[in-house]
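Here's the letter readout for the chains.
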Amino acid sequence: MTWRPQYRSSKFRHVFGKAATKESCYDGVPITRSVQDNNFCAVNPRFLAVITECAGGGAFLVLSVHHTGKIDPHHPRVSGHRGNVLDIKWNPFNDYCIASCSEDATVKVWEIPPHGVLKNITVPWKELQGHSRRVGLIEWHPTANNILFSTAYDYQVMIWNLDCPEQVIKNPVRTISHHTDVVLSMSFNTDGSLFATTCKDRKVRLMEPRSGNLLQEANCKTHKASKVLILGNMKMLLTAGTSRWNDRQIALWDQDDLSVPLLEENLDGSSGVLFPFYDPDTHMLYLAGKGDGNIRYYEISSEKPYIHFLTEYRSHMPQKGMGVMPKRGLDVSSCEVFRFYKLVTIKSLIEPLSMIVPRRSESYQEDIYPMTAGNRSALTAEEWLSGIDKGPVLMSLKPGSQIADSCSEMKGLSSSLDARRSQSRPGLLQLAYIQDKLETKEDGGCTDDGRSRTPMSNGEDLALCSPPRTENELRLKFHKQQEEIRRLRELLNQRDVRIKQLELEIKNIKNSQSSQSSL
């Protein structure tokens, strides 16, 4: 019997990384020199925040996502901490709310003005005081609004409810004290009913966040975990760390049995910490090493061998940290499935890096963009604390889908009434349908093309766009505007032709009805 190779069919086999041009990078950013093993960067569809180096306390920059190019060295900052800022995270349900933690043992939550930071912000919206030592890591709950987790060098994990009138909160709703050393990372499952941690004592713990109960504990002598991820709803955990021989290693665990890992895979002998990133929509895993220039990516399956290596993005610029854009901020027209923001300290540069599925068609690809977690919370803080668990509120990434949904709700009643009328008089069905289409075309208020009246142009929020500062930027803006004008003209011509066709059909139907009535 002859041997035949086994091939896996995968739509993500040829995913490639595309680095942004120099004009689309953020240049001159004084990135922090902290040695903390965090990402130092947080991104949402409106803003990019990065921890910066400064004297006398800690600060971070908040820039518009479209404010690319050279950054003003005197750009206003968020600077209310008395010690170095160690971690920052955007609220997943509010693009204008960001949390930060610091060496001054506090966590602060800030409100960012809609047009960005125009002057230094020093007064937070909320200040959380409960830790006795520096706070190294914060995470928002994935489905409940205004629930924040923090962990510090006092080995405690604290849960905070921000839905309270006090500006300074001193009592967390829950303190979890199972750890005997510094917590290195935290990760939640899809509905936030479980969370996993890695600790400096080499143990991986799986807990219930609301009650604080320890469900499972892994203590593997052949794998020292530094980062952990719960892989969505696949009932598996992934940890990144080092092997017994100090090789960088990833391990896969069964969520229901952490006694022995399902799989261990050695990567290389480098010393930088591995940052894992998981996309539950595409089941893709990305591994970026601190100080590396490359990013490996894999596809995860629920059957052996579980992890399938796809390929590797290579670059000569090493990254200190990585920010990740939420799925709702991706460019679906270019089949972008993931976007990193690389912090390149040696060049004071933040470089966007897009992961793209190569497709010839420019239309929306539904097979690579399933329904994904949106920016609406599934629960209030009180509901979650009372014992309710819910999965995330899903949204479609198809352009105009939300506008169409809102319009369909508004038109639901009128369309049902029209249907009843047409059933009573069948001869008027086609005429009523065409007249409705014609009114929709003339109104244009509830069509997908009505997006052009919202403050968006070429996917950019006009309120957040910065004016061009160089001749190249001006030329680029001009070409974009010309392309927009050309597209709108073509759309207008198509509408005119369609309107004339509908008017002609209405005239023919009226003539046929008048001739039938005369007979």
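Residues numbered from 1 in each chain as written. Predicted model: local features only at pLDDT ≥ 70, side-chain atom pairs only at ≥ 80, totals over all residues. Heavy atoms only, no water.

1. Some points on the side chain of asparagine 146
Turning to its location among the elements, asparagine 146 is positioned in the loop between β12 (135-140) and β13 (147-152). Looking at asparagine 146, the relative accessible area reads 10%, which means it is buried. Engagement of the side chain of asparagine 146 in a polar contact is seen with the side chain of aspartate 163, the distance being 2.7 Å. Among all residues touching asparagine 146, those that are not within four sequence positions of it are Asn91, Trp125, Trp140, Trp160, Asn161, Leu162, Asp163 and Ala381. (Helix = DSSP H or I, 4+ residues; strand = E, 2+ residues; numbered from the N terminus. Buried < 20%, exposed > 50% of the residue type's maximum accessible area, 1.4 Å probe, protein only. Polar contact = N/O pair within 3.5 Å; in protein donor to acceptor, adjacent residues only side chain to side chain. Contact = heavy atoms within 4.5 Å.)

2. Notes on the nonpolar core
Tyr26, Leu48, Phe60, Val62, Ile112 and Tyr341 are the most contacted members of the largest nonpolar core, which has 32 residues in total. Contributions of two or more residues to this core are made by β3 (41-43), β4 (47-52), β5 (58-64), β8 (85-90) and β30 (336-344). In this structure, phenylalanine 60 is in contact with Ala49, Val50, Ile51, Thr52, Arg77, Val78, Val85, Ile88, Ile98, Ser100 and Trp110, ignoring residues within four places of it in sequence. (Core = buried A, V, L, I, M, F, W, Y, C linked by side-chain atoms within 4.5 Å.)

3. Some thoughts on the pattern of salt bridges
Any two side chains of opposite charge can pair, on the condition that their charged atoms come close. On inspection of all chains with the given rule, the structure shows 21 salt bridges. Its salt-bridge partner being lysine 327, residue aspartate 281 comes within 3.1 Å of it at the nearest N-O pair. With aspartate 281 in the loop between β25 (274-279) and β26 (284-289) and lysine 327 in the loop between β29 (321-324) and β30, the pair connects residues that are 46 residues apart, well separated along the chain. Since its relative accessible area comes to 12%, lysine 327 is described here as buried. In this structure, glutamate 351 and lysine 342 form a salt bridge, with 4.0 Å as the shortest nitrogen-oxygen distance. Assessed through its relative accessible area of 7%, glutamate 351 is described here as buried. When its relative accessible area of 0% is taken as the criterion, lysine 342 is described as buried. (Salt bridge = Lys/Arg side-chain N within 4 Å of Asp/Glu carboxyl O.)

4. Digging into the sheet that holds strand β15 (residues 168-169)
As summarised here, the arrangement of the 5 strands in space is β8-β9-β10-β11-β15, forming an open sheet in which the pairing is mixed. At either margin of the open sheet sits one strand with a lone partner, and together these are β8 and β15. (Pairing = 2+ DSSP bridges.)

5. Observations regarding the packing of aromatic side chains
Summed over the entire model, instances satisfying the criterion amount to 15 aromatic pairs. The interplanar angle of 20 degrees and the centroid separation of 5.8 Å between the aromatic rings of phenylalanine 47 and tryptophan 90 together place this pair among those described as stacked. Of this pair, phenylalanine 47 sits in strand β4 while tryptophan 90 is found in strand β8, placing the two residues 43 residues apart along the sequence. You can call tryptophan 90 buried: its relative accessible area is 9%. A centroid spacing of 4.5 Å and a plane angle of 20 degrees characterise the contact between tyrosine 286 and phenylalanine 338, whose relative ring orientation is stacked. Taken together, the positions of tyrosine 286 in strand β26 and phenylalanine 338 in strand β30 put the pair 52 residues apart, joining distant regions of the chain. The class for tyrosine 286 is buried, based on a relative accessible area of 0%. Here a set of aromatic residues connected by ring pairs shows up, and it is made of Phe277, Tyr286, Tyr297, Phe338 and Phe340. Taking the ring centre of tryptophan 125 as reference, the NZ or CZ of lysine 126 above it sits at 5.2 Å. (Phe/Tyr/Trp six-rings, centres within 6.5 Å; stacked < 30°, edge-to-face > 60°. Lys NZ or Arg CZ within 6 Å of the ring centre and 35° of its normal.)

6. Here's the deal with the sheet that holds strand β18 (residues 195-199)
Consider a sheet: its strands pair through backbone hydrogen bonds, and that pairing is either parallel or antiparallel. With respect to topology, 4 strands assemble into an open sheet ordered β17-β18-β19-β20, the strand pairing being antiparallel. Each edge of the open sheet is held by one strand with a lone partner, namely β17 (183-188) and β20 (214-218). On average, each strand axis in the sheet is inclined to that of its neighbour by 20 degrees, with strand direction left out of account. In the sheet, strand β19 (residues 204-207) pairs with β20 via 4 bridges, with the strands oriented antiparallel. Paired with arginine 205 across the strands is glutamate 217, a residue of β20. (Axes fitted to C-alpha atoms, helices over the stretch in contact; angles between N-to-C directions.)

7. Here's the deal with the pairing of strand β31 (residues 349-356)
Taking burial as the measure, the 8 residues of β31 include 8 buried ones, the bulk of the element. What you see with β31 is no split at all: Leu349, Glu351, Leu353 and Met355 on one side and Ile350, Pro352, Ser354 and Ile356 on the other are buried throughout. Of the pairings in the sheet, the one linking strand β1 (residues 16-19) to β31 comprises 4 bridges and is antiparallel in character. Paired with lysine 18 across the two strands is serine 354, which belongs to β31. By the bridge criterion, 2 bridges tie strand β2 (residues 26-27) to β31 in an arrangement that is antiparallel. Across the sheet, the residue bridging to tyrosine 26 is isoleucine 350, located in β31. Pairing geometry for β30 and β31, over 8 bridges, is antiparallel. Along β31, the bridge assignment pairs glutamate 336 with isoleucine 356.

8. A short note on the side chain of serine 354
By secondary structure assignment, the location of serine 354 is in strand β31. One polar contact links serine 354 to glutamate 336, side chain to side chain, over a distance of 2.6 Å. Not counting the four nearest positions on each side in its chain, serine 354 is found in contact with Phe16, Gly17, Lys18, Glu336, Phe338 and Arg339.

9. A look at the environment of aspartate 254
With respect to the helices, strands and loops of the structure, aspartate 254 is situated in strand β23 (residues 248-254). On the basis of relative accessible area, aspartate 254 is assigned to the partly exposed category, the value being 27%. Distance in space between the C-alpha atoms of aspartate 254 and methionine 236 is 4.8 Å, their sequence separation being 18 residues. When sequence neighbours within four positions are dropped, the list of residues in contact with aspartate 254 reads Lys235 and Leu262.

10. Section: the confidence of the model for the chain
Interpretation of the predicted coordinates at a detailed level should be avoided for regions scoring low in pLDDT. When pLDDT is averaged along the chain, the result is 85; 85% of the residues meet or exceed 70. Taken as a whole, residues 403-435 scores under 50 in pLDDT and shows 19 contacts with residues more than four places along the chain or in a different chain. In this model residues 437-464 is a low-confidence stretch, pLDDT under 50, and it forms 51 contacts with partners more than four residues away in sequence or in other chains. (pLDDT = per-residue confidence, 0-100.)

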